[in-house]
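# Inside the fold
Listed here are the chains, written in short residue letters.
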Amino acid sequence: MQNPFVCLLDYGSGNVKSVYNMISILTSNVKISNNPSDIKAASHLILPGVGAFATAMEKIHKSIPLKVLQAEVFEKKKPFLGICVGMQVLATVGLEFGKCSGLNWIPGQVDKLRSEDLPLPHIGWNNITFKKPSSVTKRFTPEPDFYFLHSYAYKLETVDPSYVIATAMYGEEFCAVIEKDNIFGVQFHPEKSQKAGKILLENFLSL
Amino acid sequence: MKKKRLIPILLLKNGWLVQSKQFSRFQNLGNPVTAVKRMSEWASDELVYLDISRDQTYDLRRNDLAYPNRHKIIDILEDVSKMALMPITVGGGIQTLSDIQIRLAKGADKISLNTKALQNPNFITKTAKEFGSQCIVISIDVKTIGGKAVVMNHFGQKATEYGPVEWAKKVEVLGAGEILLNSIDRDGMKTGYDLELIKSVTNAVKIPVIACGGAGEWNHFAQAFNETNVDAVAAANIFQHIDQSVYLAKKFLYEQGYPIRPADLLLMP
Amino acid sequence: MRYCKKCVYPEVAVNLYIDEEGICSGCRTAEKFDALTSGFWEQRKKRFEDIISSIKKTSHSNYDCIVPVSGGKDSYYQTHVVTSYGLKPLLVTYHGNNYLPEGDYNRDRMRQVFDADHIVFGPSVETLKRLNRLCFRKMGDMNWHNHCGLMTYPIQIAVKFNIPLIVWGEIAWDISGMYEPDDFVEFSNRIRHEHALRGFEWNDLINDPKENLSEKDLLWAKYPTDEEILKVGVRGIYIGNFFKWEPNKHTKLVQNKYAWKPRKDKFDRTYRTFSNVDDRYENGVHDYLKFIKFGYGRASDHASKDIRSGDMTREQGIEMVRKYDHMIPKDLYHWLDYVDMKESEFWKIANSFRNPLVWHKDKKGNWVKDNIWDNK
């Protein structure tokens, strides 16, 4: 897209400023907003997030006009990117602190990483392994490193393989990048992943 | 595979980026934001930003520079987070949950507690509940007194009753996400890390430990990885001494086969 | 205003840190350097020799190193060290058009008295005049171009000619004690950018409405990228890290061995006569602006250095400060003529840079400040 207008949804999730900083390097046309008019006017929508699944869902229901958002994503087919918890809430259900319903935009289950005796949360740089080609992952080196910061993730066995673009390994193999039509989710933080993160966001904005 | 991390530490004193030698001698280096720009350009894995000011005056004492003379730590942090496309940990003078909230809102990913944690250990648990363990780093300053390793308080000046292993175990239970372990004796001395100290702590806790204090050459990083279980190595002064320092350090470690990200360059606007 | 208890620096001296005992970082670092043993310098000399021998192994049909020179006494000393080790250097000069006749003489003689090739580069004088005026207005420093050229052009040449080693002289910011002996620093763009250039680069200076400067005028001011530098492996080392830096001794050496010429006349603003024949304004109007900004000048710099080396007492130093720091230099008028600026405009711009930590106006509207001799 030549001149994207990016709407960054803010539901009090914590890392929206960092995402804003990185996107600002790529385009000046970015706004942090939950306003229906901004969501409708945007060409690209991003849902950031840190913290717990259930808290995020609660805050999303409170502050984001979901009906408007859903229309833009499913009817207008606008490119949508969920980051970290913003990806996890796309699931059918999250199992942190009991069962909590997600948006079910990309069916699957979010549960704790089976890390054996590796410490949790999974904090640090880890590489992803590509399973399928995707428009958001072009121009990457073979196994690029991204910055992860989470204890929960989309369980690989609960997701349709056609949606799994890339996985990462920490105790178990889990979903790192998922895609369904115009909806994308990344478990890592592109806004904290320097060059690799920039390339991913550039790819996303060029859709 | 999860990589080990190489983390530059920037020390901020009254608005100046400084060098520190054994927590007692300081030299003004210049503006903190330019240093962050360079660290970003050399693709540092993370950045730790510690405010070691002992009073609240932030002043570069001049207004004829291209970058603004900031008078509040929050403004400096805002400038810093615009430049850093990697995780930032901010520490120094954090007393309340609100202090933490403000810093996270300004772009910090993690915060570091030192004195406050020693004064009120339950604050660690409070913070973990509110913001999550993953954003809490407990900074532990250690000095050898009478042959024993002692955890120091208040800019490394007051001895506590804790030894480093004891305190590290305690903060892990209370909800810390990571530990930043500083050797006061080795600080700025370039003689290598205190490997015994580091080992004693990494053997005692499961949460990641970041080692700091004493790095004088790239080989010291390698030694720490070889002989201890640290998750990350950090250094302050050494990265300010030569150009492309972080890049060269990473190149050295990567080419020797250590599990870190390959050296890379980023162009920052 | 607090002053260092040992030398004569005020607290606002650039990049200075005064510790809890009232001693400044410049004095502390000088103490560290003084405490170094001959054993230490032997080891450092050995490290220098190691660098030399590894360069000789790889520089084959190329220059062994670059020595950035202005033609001043330090330049001569640096070149002396390098050539006495049998290296063939390429001398690189940035010519900012501010040379005194003695400076021209010293500079042009270098390839006569040293076995070295010499590039002298100078931007167009029209560009220089514009930069003089623009940088004076923007940051209170008409000599920005000089600091920039000196710290950029040699590195460009290093990259262009594939010469990795650049040999500088005095350790960066020795005057404020920024680095101690063990820091073993090398030249870095961060120091250049922040301290020499005050955070301004060439792209901050184009498109000014009053001074028409374009990218093509400032090609020499563009610092090479990290990528270019890493490709060639460029590194800048300071001789001061390998050999004890003793400017008074060095000056005698270069005079005796190479007939280096000091300035004939005295300077208006300092008692020393050996500094800065390569730039007439550096000790003159450029330094006067330092006084306007921070309330201290070259005499304070020189006195502090001489106090630390034991060549002067603090009392004598204070006398020098009292005598020289406030002097309006005659070369101000030379400069005004050079850049075609009226004196009234000069004062208007200069006064806008008075640091409020240092200066205030008295009832008569005069600028006044606290003075070191008041602090008894």
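Coordinates for the structure precede this section.
Residues numbered from 1 in each chain as written. Chains lettered and ligands numbered in written order. Predicted model: local features only at pLDDT ≥ 70, side-chain atom pairs only at ≥ 80, totals over all residues. Heavy atoms only, no water.

## Section: the pairing of strand S8 (residues 148–153) of chain B
All names here are of chain B. Inspection of the sheet shows strand S7 (residues 136–145) paired to S8 by 5 bridges, in the antiparallel sense. Counted as the bridge partner of Val142 is Val151 from S8. The turn joining S7 and S8, which pair antiparallel and follow one another in sequence, is formed by 2 residues; a positive phi near 60° is taken by Gly146. The sheet contact formed by S8 and strand S9 (residues 158–159) spans 2 bridges and is antiparallel. Pairing of Asn153 across the sheet is with Lys158, part of S9. (Pairing = 2+ DSSP bridges. Helix = DSSP H or I, 4+ residues; strand = E, 2+ residues; numbered from the N terminus.)

## Observations regarding the pattern of salt bridges
All names here are of chain A. If you walk through the whole model with that rule in mind, you get 59 salt bridges over all chains. Across the pair Lys155 and Glu172 runs a salt bridge, and its minimum N-O distance is 2.5 Å. With Lys155 in the loop between strand S10 (152–154) and strand S11 (164–170) and Glu172 in strand S12 (residues 172–180), the pair connects residues that are 17 residues apart, well separated along the chain. Assessed through its relative accessible area of 6%, Glu172 is described here as buried. (Salt bridge = Lys/Arg side-chain N within 4 Å of Asp/Glu carboxyl O. Buried < 20%, exposed > 50% of the residue type's maximum accessible area, 1.4 Å probe, protein only.)

## Describing the packing of aromatic side chains
For any pair of aromatic rings, the description rests on two quantities: the centre-to-centre distance and the angle between the ring planes. All names here are of chain C. Applying the stated rule across the entire model yields 37 aromatic pairs over all chains. Ring centres 4.4 Å apart and planes at 40° place the aromatic pair Phe114 and Tyr258 in the tilted group. Separated by 144 residues along the polypeptide, Phe114 in the loop between helix H4 (101–113) and strand S3 (117–121) and Tyr258 in helix H9 (residues 247–258) bring together distant segments of the chain. Across this residue pair, the class does not change: Phe114 and Tyr258 are buried. Through a chain of ring-to-ring contacts, three or more aromatic side chains come together here, namely Phe136, Tyr288, Phe291, Trp335, Phe346, Trp347 and Trp359. (Phe/Tyr/Trp six-rings, centres within 6.5 Å; stacked < 30°, edge-to-face > 60°.)

## Focus: the interface of chain C and chain B
Counting residues at the interface gives 40 residues for chain C and 34 residues for chain B. At the boundary of chain C with chain B, total buried surface from both sides reaches about 3,100 Å², with 49% on carbon and sulfur atoms. Across the contact surface, chain C and chain B share 5 salt bridges. Between Arg38 of chain B and Asp226 of chain C there is a salt bridge whose closest N-O contact spans 3.0 Å. Between chain C and chain B we count 22 residue pairs in polar contact (both at pLDDT 80 or more) in total. (Contact = heavy atoms within 4.5 Å. Buried area = accessible area lost by both parts, 1.4 Å probe. Polar contact = N/O pair within 3.5 Å; in protein donor to acceptor, adjacent residues only side chain to side chain.)

## Some thoughts on the sheet that holds strand S6 (residues 100–101) of chain A
Strand pairing within a sheet occurs via backbone hydrogen bonds; the two strands may be parallel or antiparallel. Residue and element names in this part refer to chain A. Taken together, 4 strands build an open sheet; the order of strands is S6-S5-S7-S10 and the sheet is mixed. Strands at the two margins of the open sheet, each flanked by one partner only, are S6 and S10. Where strand S5 (residues 93–94) lies against S6, 2 bridges are found, and the strand directions are antiparallel. Residue pairing for S6: Val93 is matched across the bridge by Ser101.

## Some thoughts on the sheet that holds strand S8 (residues 122–130) of chain A
All names here are of chain A. Judged by pairing direction, the sheet is mixed, and its 9 strands sit side by side in the order S2-S1-S3-S4-S13-S12-S11-S8-S9 without closing on themselves. Each edge of the open sheet is held by one strand with a lone partner, namely strand S2 (30–32) and strand S9 (145–150). Between one strand axis and the next, the sheet turns by 25° as a mean value, whatever way the strands run. Relative to S2, helix H1 (residues 16–26) is tilted by about 170°, and along the sheet it contacts strand S1 (6–8), S2, strand S3 (44–47) and strand S4 (80–83). Where helix H4 (residues 66–75) meets the sheet, its contacts fall on S3, S4 and strand S13 (183–186), and the angle it forms with S3 comes to roughly 125°. (Axes fitted to C-alpha atoms, helices over the stretch in contact; angles between N-to-C directions.)

## Topic: the pairing of strand S11 (residues 209–212) of chain B
Residue and element names in this part refer to chain B. Here S11 shows a buried face lined by Val209 and Ala211 and a second buried face lined by Ile210 and Cys212. For the crossover from strand S10 (residues 178–183) across helix H7 (residues 195–202) to S11, the handedness is right-handed. When S11 meets strand S12 (residues 232–235), the two strands line up parallel, connected through 2 bridges. By the bridge assignment for S12, Ile210 is matched with Ala232. (Right-handed = clockwise from strand over helix to strand, strands pointing away.)

## Comments concerning the nonpolar core
With 155 residues, the main nonpolar core has Ile138, Tyr193, Phe221 and Phe239 of chain B together with Trp335 and Phe346 of chain C as its most contacted residues. A per-element tally of this core places helix H6 (residues 144–161) of chain C first, with 7 residues. For Ile138 of chain B, the contacting residues outside a window of four places in its chain are Leu113, Ala117, Ile124, Trp167, Val171, Ala176, Glu178, Ile179 and Leu180 of chain B. (Core = buried A, V, L, I, M, F, W, Y, C linked by side-chain atoms within 4.5 Å.)

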